[in-house]
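Summary of structural features
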Amino acid sequence: MRGFAALVLSLVFLSVAITCNGALQRGFYLEKCGENNVEDIIRDVVESRFSKDPTIVAALLRLHFHDCFVSGCDGSLLLNGTDAEKNAGPNFSVRGYDLIDEAKDAVEKACPGVVSCADIIAVATRDAVFMAKGLNYKVETGRRDSLVSSADNVDLPGPSITVKNAIALFKRKGLDKMDMVLLLGAHTVGVTHCSFIGNRLYNFNNTGKKDPTMEASLFKSLSKTCPKIPNDSESQVALDQTINSTNILDNGYLTQVKGRRGILQIDQNIGLDASTGAIVRSFVDGPLKNSFQSRFGGALIKMGRVGVLTGKNEGEIRRTCGAVNP
């Protein structure tokens, strides 16, 4: 039923020993759900969705990032409410909530009150990455769920953020320049909308001209999809323009950035900036060329440690992901 990819995953999971990293652990749920393997249950849900909609990879990566970069990897993004995080502007287009709910329902049937929604996000994202031909990194679990969620706390990097400000933001989360480049490398899957790149095409810095750093053939291509007088501001552009690579986790995005073909402004700028350009080049044709996937998994593990709630005195294990327990 699961196919070859799932067989490979199963063999890998069998070899995973419980190892600790601070308050989180690899294999935290082993033997906590009877004969059921929690990560197998989550993986089945992700695999079923991925087979129908491979764009779920980009959706889950974004959901994971948007959750961790506010109050920490605590599932606060999942909470419903008029003033909750998911109702802040940067989160309007986040999706994947229904998949997390589906996985939560499945694990609750197997072992009620054991698995946090925050951990389901991390595990589901890892599985989606693997299904997109990334590596099966060993996710850490043991998080508990937040009791609060506030739209006022949402401060996420926008597509035009400067490299300097982005580095400072990542640093506040305990992540360095290498982590930042790798995590932005998630743009190797997914799409953006014309409304986010119109300024680069036609009015960069209020000049009435295109962004001079954009490679000419890319401008020609994008201007067809996103004309100056838009016929549909929601037209989509693949963040990785490599043919047949939109839903594959590889270094195609960084290769584009090196060739001045980055789609978003921050994408292009990390390739041009002195503080990050060397990292980009190293992953394209330098010493790190063959290590993007493994290091990308490592960056996700590191991000997954940001602001976690652990132990019985922090947060809770929600019964449903959209609401705190009664």
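Residues numbered from 1 in each chain as written. Predicted model: local features only at pLDDT ≥ 70, side-chain atom pairs only at ≥ 80, totals over all residues. Heavy atoms only, no water.

**Remarks on the side chain of Thr310**
Considering the arrangement of structural elements, one finds Thr310 in the segment after helix H13 (292–303). Accessibility expressed as a relative area gives 17% for Thr310, which makes it buried. The residues contacting Thr310, other than those within four sequence positions of it, are Ala23, Leu24, Gly142 and Arg144. (Helix = DSSP H or I, 4+ residues; strand = E, 2+ residues; numbered from the N terminus. Buried < 20%, exposed > 50% of the residue type's maximum accessible area, 1.4 Å probe, protein only. Contact = heavy atoms within 4.5 Å.)

**Regarding the packing of helix H7 (residues 177–184) against helix H12 (residues 277–285)**
Interhelical geometry of H7 versus H12 gives an angle of 55° and a closest axis separation of 10 Å. Classified by the interaxial angle, the pair formed by H7 and H12 is oblique. By crossing handedness, the relation of H7 to H12 is classed as right-handed. Side by side, H7 and H12 meet where Lys177, Met178, Val181 and Leu182 of the first sit next to Ile279, Val280 and Phe283 of the second. A per-class count over the contact of H7 with H12 returns 6 nonpolar, no polar and 1 charged. (Axes fitted to C-alpha atoms, helices over the stretch in contact; angles between N-to-C directions. Parallel < 35°, antiparallel > 145°, perpendicular 65-115°, else oblique. Left-handed = near helix turned anticlockwise from the far one by under 90°. Nonpolar A, V, L, I, M, F, W, Y, C, P; charged D, E, K, R; others polar.)

**Considerations on the pattern of salt bridges**
Evaluated as defined, the whole model comprises 14 salt bridges. Note that Arg95 and Asp53 form a salt bridge whose closest N and O atoms lie 3.6 Å from each other. Taken together, the residues Arg95 in the loop between helix H3 (56–68) and helix H4 (97–110) and Asp53 in the loop between helix H2 (38–52) and H3 connect sequence positions 42 residues apart. Its salt-bridge partner being Arg261, residue Glu215 comes within 2.7 Å of it at the nearest N-O pair. With Glu215 in the loop between helix H8 (198–202) and helix H9 (216–225) and Arg261 in the loop between helix H10 (252–258) and helix H11 (265–272), the pair connects residues that are 46 residues apart, well separated along the chain. Looking at Glu215, the relative accessible area reads 27%, which means it is partly exposed. Within this structure, Glu39, Arg126 and Asp127 form a network of salt bridges that share partners. (Salt bridge = Lys/Arg side-chain N within 4 Å of Asp/Glu carboxyl O.)

**Quick look at a nonpolar patch on the surface**
Together, Leu147, Val148 and Val324 make up an exposed nonpolar region whose accessible area comes to about 270 Å². Turning to its location among the elements, Val324 is positioned in the segment after H13. The exposure class of Val324 is partly exposed, given its relative accessible area of 37%. (Patch = residues over 30% accessible without salt bridge, like charges linked within 9 Å, V, L, I, M, F, W, Y side chains within 5 Å. Areas by Shrake-Rupley, 256 points an atom, 1.4 Å probe, with all protein chains shown as cover.)

**Some details on the nonpolar core**
Counting residues in hydrophobic clusters, the biggest one holds 89 residues, and the most contacted among them are Ile42, Leu61, Ile100 and Ile270. Non-local contacts of Leu61, meaning those with residues more than four positions away in its chain, are made with Thr125, Val129, Ala186, Val189, Leu249, Phe296 and Leu300. (Core = buried A, V, L, I, M, F, W, Y, C linked by side-chain atoms within 4.5 Å.)

**Observations regarding the packing of aromatic side chains**
All told, the structure shown has 7 aromatic pairs when counted by the stated rule. Geometrically, the ring pair formed by Tyr202 and Phe219 is edge-to-face, given 6.3 Å between the ring centres and 70° between the ring planes. In this pair, Tyr202 sits in helix H8 while Phe219 sits in helix H9, placing the two residues 17 residues apart along the sequence. Considering the side-chain rings of Phe283 and Phe292, the 6.1 Å spacing of their centres and the 85° angle between planes classify their relative orientation as edge-to-face. For the residue pair Phe283 and Phe292, the accessibility class agrees, reading buried in each case. Above the face of the Phe28 ring, Lys32 is positioned so that its terminal group lies 3.3 Å from the ring centre. Residue placement shows Lys173 over the ring face of Phe69; its charged tip is 6.0 Å from the ring centre. (Phe/Tyr/Trp six-rings, centres within 6.5 Å; stacked < 30°, edge-to-face > 60°. Lys NZ or Arg CZ within 6 Å of the ring centre and 35° of its normal.)

**Topic: the layout of surface pockets**
What the largest pocket holds in volume is close to 1100 Å³. Arg62, His66, His187, Val191 and Leu239 are the residues nearest the centre of the largest pocket, which is lined by 40 residues in total. Within the residue set of the lining of the largest pocket, elements represented by two or more residues are H3, helix H6 (163–172), H7, strand S4 (191–193) and H13. In terms of residue count, H3 provides more of the lining of the largest pocket than any other element does, 6 residues in total. Grouping the constituent residues of the lining of the largest pocket by class yields 26 nonpolar, 12 polar and 2 charged. In this structure, the second largest pocket occupies an estimated 150 Å³ of space. Residue lining of the second largest pocket: 13 residues in total, with Phe28, Lys32, Gly142, Arg144 and Ile317 positioned closest to the centre. Grouping the amino acids of the lining of the second largest pocket by side-chain chemistry returns 5 nonpolar, 4 polar and 4 charged. (1 Å grid on protein atoms, 1.4 Å probe; cavity = no way out; pocket = protein on both sides within 12 Å on 5 of 7 lines; lining within 4 Å. Points joined across faces, edges and corners; volume = space filled by probe spheres on them.)

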